[in-house]
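# Analysis of the macromolecular model
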Amino acid sequence: EFIIGAYALAVPFLFRALTPIYQMVWDAGGADSQLFLNLAKFGGIALVLLPPTTLMGASLPVLARAVANDPDRIGGNVGTLYAVNTFGAVAGTFIAGFIAIPSLGVQNSLWLTAGVNLALGVVALIAGRTPSGRHAGPGPALEPPAPLSPPVKAALLAFGISGFGAMVLEVAWTRALSMVLGSSVYAFSLMLLAFLVGLAGGGAFFSRLLKRRPGLDCGILLASLFAGSGVLAFTTAFILQVLPRFFGQVYFEFSPTANQWYLVQFGFCLLVMFPATFAFGGIFPTVLQYHARSLENVAGSVGTVYASNTVGTILGAACAGFLLIPGLGVLDSVIFVAATQIVLAMGMVLVVSRGSLGLRRTFSVILLLALVAVFGLRPDWDVRLMNSGV
């Protein structure tokens, strides 16, 4: 927390230092200047943002050891921590987009948040002390972790692919909604807010379920979550095609004020994003519950699960913006992710589930029918309506 806060103070100066480098790349690029500039921007952004975001990513597995006190409820306990963290992201998104930046400006908002991180560092130092006032010493030496079993590897791989799909959906939904809501910083904040609310809500709900029922078949639950996220993502293709007309009707018939209009826009974002992201939010605690069965290696388990998903989200963000949406379009990108989630659900039934053979066969048939429906019921968007610019 100390380093994140201190580094945040330097970020504006680091971005400013990159500007002449971008200019040099543009001047030297010739006909391919735009391509080289995009690559330079990606490299520059990564160079500036990787150090603090790496530390942010490390905080969850470190904190996990403080809340995991029951081997059979690790997924529920750490999942609750993840949900609390995501609800914090919801609050941060709202405060940044609608309060701090409009009132204080970008730089002052950054400095204020850096101060919060420095304060958290002080709190962590105080909380980490024993009642005697001394720092707790290192624990006993740990045995090296056992190799992962094939079903656990399959669950981690599926979680990574699911992270890829979630990010593709976020980009696709944002592209589609921006044609309806506009592309202002407020509209983008509302879209991100709705996405995070769904993840946080799903994480909290399914973490509570896992704490109450520690013996739950994680394979069947994962299959249900993957399939649910896929089917619900597919339904957004139908919601998005009627949204422009509905949006116009609300605007012209009710003439909402500015603040009322933000609520209406947020409602539209929730309608599109919340159901599927609620299912996505339950995947993390379930995969973690399946992976982590001992308290000694809970931090390593959380780090492994978290990292597998994060790698997928990085690839998803890159592929969505530069490959899938330019190549397939928004609609087919959504359908692609929906189908992928259902296929992942089949994998969980066949590889991870401990259920009876009859149950797995029934589940597989249902998933196969859902997969056929995704491709067979593909809607045809009215392109002129989608691009009408309400």
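Whatever comes next refers back to the structure up there.
This write-up is about the structure you can find in this document. This is a predicted model, so every value here is computed, not measured.

### So, the overall build of the protein chain
Helix and strand content of the protein chain: 13 helices and 0 strands. Taking 390 residues into account, the globule formula puts the C-alpha radius of gyration at 21 Å, and the protein chain, at 23 Å, falls close to it. Referenced to the eigenvectors of the C-alpha coordinate spread, the extents of the protein chain come out at roughly 65 × 60 × 50 Å. When the accessible surface of the protein chain is summed, it comes to about 20,000 Å², and 70% of that surface belongs to carbon and sulfur atoms.

### Things to note about the packing of helix 3 (residues 74–104) against helix 9 (residues 283–291)
For the pair helix 3 and helix 9, interaxial distance at closest approach is 8 Å and the crossing angle is 145°. Between helix 3 and helix 9 the crossing geometry is right-handed. For the pair helix 3 and helix 9, the contacting residues are Ile 74, Gly 75, Gly 76, Val 78, Gly 79 and Tyr 82 in the first and Phe 284, Pro 285, Leu 288 and Gln 289 in the second.

### Digging into the side chain of Thr 277
Among the secondary structure elements, Thr 277 is positioned in helix 8 (residues 258–281). Since its relative accessible area comes to 1%, Thr 277 is described here as buried. Beyond its immediate sequence surroundings of up to four residues, Thr 277 is in contact with Trp 173, Ala 194, Phe 195, Gly 198 and Leu 199.

### Some words on the nonpolar core
The biggest cluster of nonpolar side chains holds 91 residues, and the ones touching the most others in it are Trp 173, Leu 177, Leu 181 and Phe 284. Apart from residues lying up to four places away in sequence, Leu 181 is in contact with Ala 187, Met 191, Phe 247, Gln 265, Phe 268 and Cys 269. Judged by nonpolar contacts, the second largest core, of 5 residues, contains Val 11, Leu 18, Tyr 22 and Leu 37.

### Description of the pattern of salt bridges
In this structure the tally under the stated criterion is 2 salt bridges. Taking the shortest distance from any N to any O, the salt bridge between Arg 378 and Asp 332 comes out at 2.8 Å. One end of the pair, Arg 378, is in the loop between helix 12 (357–376) and helix 13 (383–386); the other, Asp 332, is in helix 11 (residues 330–352), and 46 residues separate them in sequence. Note on Asp 332: relative accessible area 26%, which makes it partly exposed. Ionic pairing is found between Asp 380 and Arg 378, a salt bridge with its closest N-O pair at 3.2 Å. The exposure class assigned to Asp 380 is exposed, which follows from its relative accessible area of 64%. A single network of salt bridges, built from pairs that share partners, joins Asp 332, Arg 378 and Asp 380.

Reading the values: the criteria
- Residues numbered from 1 in each chain as written.
- Predicted model: local features only at pLDDT ≥ 70, side-chain atom pairs only at ≥ 80, totals over all residues.
- Heavy atoms only, no water.
- Helix = DSSP H or I, 4+ residues; strand = E, 2+ residues; numbered from the N terminus.
- Rg over C-alpha atoms; globule rule 2.2 N^0.38 Å.
- Areas by Shrake-Rupley, 256 points an atom, 1.4 Å probe, with all protein chains shown as cover.
- Axes fitted to C-alpha atoms, helices over the stretch in contact; angles between N-to-C directions.
- Left-handed = near helix turned anticlockwise from the far one by under 90°.
- Contact = heavy atoms within 4.5 Å.
- Buried < 20%, exposed > 50% of the residue type's maximum accessible area, 1.4 Å probe, protein only.
- Core = buried A, V, L, I, M, F, W, Y, C linked by side-chain atoms within 4.5 Å.
- Salt bridge = Lys/Arg side-chain N within 4 Å of Asp/Glu carboxyl O.

Taken by themselves, the reported measurements are silent on function.
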